[in-house]
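# What the coordinates show
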Amino acid sequence: MSVRHIARLVAAKDLRIEWHSRVLTNQVLPFAAVTMVIFAFALDAEVVLERVAPGLIWLATLFSMLVLVQRSFAVEVDDGALDALRVAGVDPRAIFLGKAVALGVQLLVLEVVLLFAAVVLYRQTVPIGGLVLLVTTLISATCGLAAVGTLYGGLAAGFRGRETLLPLLTLPAVAPVLIGATRAVEAALGTAGAVVSDGWPWVGLLIVFAVAFGVGGSLAFGPLIDE
Amino acid sequence: MDRPGAPVVELSDVVAVLGSFPALAGASIHIDEGDIVLLRGPNGAGKTTLLRLCAGLVPMVRGTGVVLGFDLATQRDEIRRHVGVLGHQNGLYLDMTVGENIRFWGATVGAKDSETHAAMERLGVADRLVDVPVRKLSAGQKRRAALACLVARRAQLWLLDEPHAGLDAIARDELDHTLRQAAGSGATIVVASHELERAGSLATRTVDVVAGQVKETRTDP
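Since the model is a prediction, treat every value here as computed from it, not as a measurement. (Residues numbered from 1 in each chain as written. Chains lettered and ligands numbered in written order. Predicted model: local features only at pLDDT ≥ 70, side-chain atom pairs only at ≥ 80, totals over all residues.)

Moving on: the overall build of chain A. What chain A contains, in helices and strands, is 9 helices and 0 strands. Element order for chain A, N to C, with α for helix and β for strand: α-α-α-α-α-α-α-α-α. Here chain A has a C-alpha radius of gyration of 18 Å; the compact-globule value for 227 residues is 17 Å, and the two agree. For chain A, the spread of C-alpha atoms along the principal axes amounts to about 55 × 30 × 30 Å. Counting all 227 residues of chain A, 49% fall into the buried class. Of all intrachain contacts in chain A linking residues separated by at least 6 positions in sequence, the fraction that spans at least 24 positions is 84%. (Helix = DSSP H or I, 4+ residues; strand = E, 2+ residues; numbered from the N terminus. Rg over C-alpha atoms; globule rule 2.2 N^0.38 Å. Buried ≥ 20, exposed ≤ 12 C-beta atoms within 10 Å, placed from the backbone. Contact = placed C-beta atoms within 7 Å.)

So this is what it looks like as structure tokens:
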């Protein structure tokens, strides 16, 4: 079977599990919303909130992503399914790509909800002129986050204490996404006088990051889960 | 298998090493299609290593081996696609239904719906259990669902490590019945077990594994 076929199966399987368990809707989205509200309480000044809103969106995304990644690999190790896939000779590149796609879909839903929350809570506006940049940023940042999350999720899945290991591994690795995506969203929303053209170089960084971790992750995933 | 009538497993003087420990030290064994072989021996004797070697998960450092017509030295990936391994865990997704699990595993080898349905029928999970989430199954039902997944992914050689562990008496009887049925349908089954009485009554052959050596002790007609 081709890598693409197996990747599609794995992605569909992960999304089906999410559909049954509703972890995204019942746990992750409320957690992300609460995080946004807490930020609003902590930075109780309208000017400050408006200025830092793009960064807060991505911070909330990263924290919520950790929950999603934990969940994505918990379903694999609960009854030894990841081992069974490996033992059955299923191509690890396909497992990586499938899980990354499923994680990416869930992250996109999360980011749209967080953006909406920022509009409501932090009084952000989305100018029409920045819409293309905003969508491109969301997609490219999501690809990078999904690749990193899947790679380190797979690595941590084999270790005892993976719940604490995952943030330690993941958060430093996604720092470039946090920086790039924040700057690009600032440009898209026109935060603090930024203009749309300021955002595109950051999107370039996000794309390079996504490609590097996508290709590197698919190659490294097999040896990582074999360990 | 590539050649009809060829042995399912043919190992000759195989040595396998785990770290620096020689887990198999010159093991030879011959297993034919439809056999149910019991591997027995003390802890650390090499039973699990022998199973894992047959599954293409542990490399040989010496000797020759052919599994399902594939060379153990050069075609381990092919072997992995054609054998089914069941250890202490079942390899199921607990939040999916039995039917979804079986269809998923079948789809990994391109099995059609009719084929996965046949696997469910064969293991007796097509009616009552098919729409039940795996999380809600008993231990014995989970085992049966896991075996149905092996059928759906066309595993020709089943390698089972302590398959009776954690099952109550009824579930053990069900499992034995299932394994006999599977062997009757052409599957070849190798069981490593400490439960000698139960597994012995199931097996058509019993093989002792002692200090990495394999010695056949009984062959039933």
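A separate point is the interface of chain A and chain B. With 19 residues of chain A at the contact, the number on the chain B side is 21 residues. Elements with a minimum of two residues in the side of chain A that touches chain B: helix H1 (3-21) and helix H4 (81-87) of chain A. Taken together, the residues of the side of chain A that touches chain B sort by class into 10 nonpolar, 4 polar and 5 charged. (Nonpolar A, V, L, I, M, F, W, Y, C, P; charged D, E, K, R; others polar.)

Moving on to the sheet that holds strand E5 (residues 70-71) of chain B. Strand order in this open sheet of 4 strands is E2-E1-E4-E5 (chain B), and the pairing throughout is antiparallel. Both outer strands of the open sheet, strand E2 (21-31) and E5 of chain B, are each paired with one neighbouring strand and no more. (Pairing = 2+ DSSP bridges.)

Moving on, we get to helix H1 (residues 47-54) of chain B. Most of H1(B) is tucked away: 8 of the 8 residues are buried. Once H1(B) ends, the next one or two residues include B:Gly56, with phi positive near 80°.

With that settled, consider the pairing of strand E1 (residues 9-18) of chain B. Residue and element names in this part refer to chain B. Bridging between E1 and E2 involves 8 bridges; their strand directions are antiparallel. Within E2, the position partnered with Val17 by the bridge is Pro22. Between E1 and the antiparallel strand that follows it, E2, lie 2 residues; Gly19 among them carries a positive phi value of about 65°. Here E1 pairs with strand E4 (residues 62-67) via 5 bridges, running antiparallel. In the strand pairing of E4, Leu11 is matched with Gly65.

The subject of this paragraph is the nonpolar core. Among the nonpolar cores identified, the biggest contains 149 residues, and A:Leu114, B:Cys54, B:Val67, B:Ala145, B:Ala148, B:Leu159 and B:Val191 are the most heavily contacted of them. Every residue in contact with B:Cys54, bar those within four places of it in the chain, is listed here: B:Val9, B:Val67, B:Val83, B:Leu157, B:Leu159 and B:Val190. (Core = buried A, V, L, I, M, F, W, Y, C linked by C-beta atoms within 7 Å.)

Attention shifts here to unusual backbone geometry. Despite not being glycine, A:Arg123 has its phi angle at roughly 55°, a positive value. Secondary-structure assignment places A:Arg123 in the loop between helix H5 (92-121) and helix H6 (131-157). If you check the backbone angles, B:Leu68 has positive phi at about 55° while not being a glycine. Its location among the elements puts B:Leu68 in the loop between E4 and E5.

All we've got here are geometric facts, nothing functional implied.
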